[in-house]
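As a plain string of letters, each chain reads:
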Amino acid sequence: MKQQNHFTLKEVQLNNNCPECYSNKGLELTFKQRFVENAFYKAITEERINEMHCNTCNTDIYPARWTNEIERVVAYQKRAIQPRLKSLKLKKLSWILITSAILLTIVMLLVLSIL
């Protein structure tokens, strides 16, 4: 079963006014990067998402509601984050399958060379 998760890269408290409640103390911007894990491998992808939430009025702020000031702050923060590099790590099951495939190929070649 394939599992897709996101891990948090950075959380930033913003001083901008919330588009819903107009408070300037509750906006929180979170940057996340995608992490995929299944039976064969674990991988960190280059895909990143950002989420904005107001802790004062307890609402999610979607990009359609962002003001120009919020968009500028988000663009600045995007440039400032350091994402993890894309990576792939094979699990034990993958290594067993690869090794057994190589051994099976060698045995087949030896049997065919004898005949």
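Residues numbered from 1 in each chain as written. Predicted model: local features only at pLDDT ≥ 70, side-chain atom pairs only at ≥ 80, totals over all residues. Heavy atoms only, no water.

**Q** Even after reading the chapter, I still don't get the side chain of S94, so can you show me in this structure?
**A** Secondary-structure assignment places S94 in helix α2 (residues 92-114). Contact partners of S94, with chain neighbours within four places excluded, come to F40 and Y41. (Helix = DSSP H or I, 4+ residues; strand = E, 2+ residues; numbered from the N terminus. Contact = heavy atoms within 4.5 Å.)

**Q** What is the right way to read the pattern of salt bridges from this model?
**A** Any two side chains of opposite charge can pair, given that their charged atoms come close. Overall, the coordinates contain five salt bridges when judged by the stated rule. Between E47 and R34 there is a salt bridge, with the nearest N and O atoms lying 2.7 Å from each other. With E47 in strand β3 (residues 41-54) and R34 in strand β2 (residues 27-37), the pair connects residues that are 13 residues apart, well separated along the chain. Its relative accessible area of 36% is what places E47 among the partly exposed residues. When its relative accessible area of 16% is taken as the criterion, R34 is described as buried. Where K91 meets E37, a salt bridge forms, and the shortest distance between an N and an O atom there is 2.9 Å. One end of the pair, K91, is in the loop between β5 (87-90) and α2; the other, E37, is in strand β2, with 54 residues separating them in the sequence. (Salt bridge = Lys/Arg side-chain N within 4 Å of Asp/Glu carboxyl O. Buried < 20%, exposed > 50% of the residue type's maximum accessible area, 1.4 Å probe, protein only.)

Geometric values such as these leave the question of function open.
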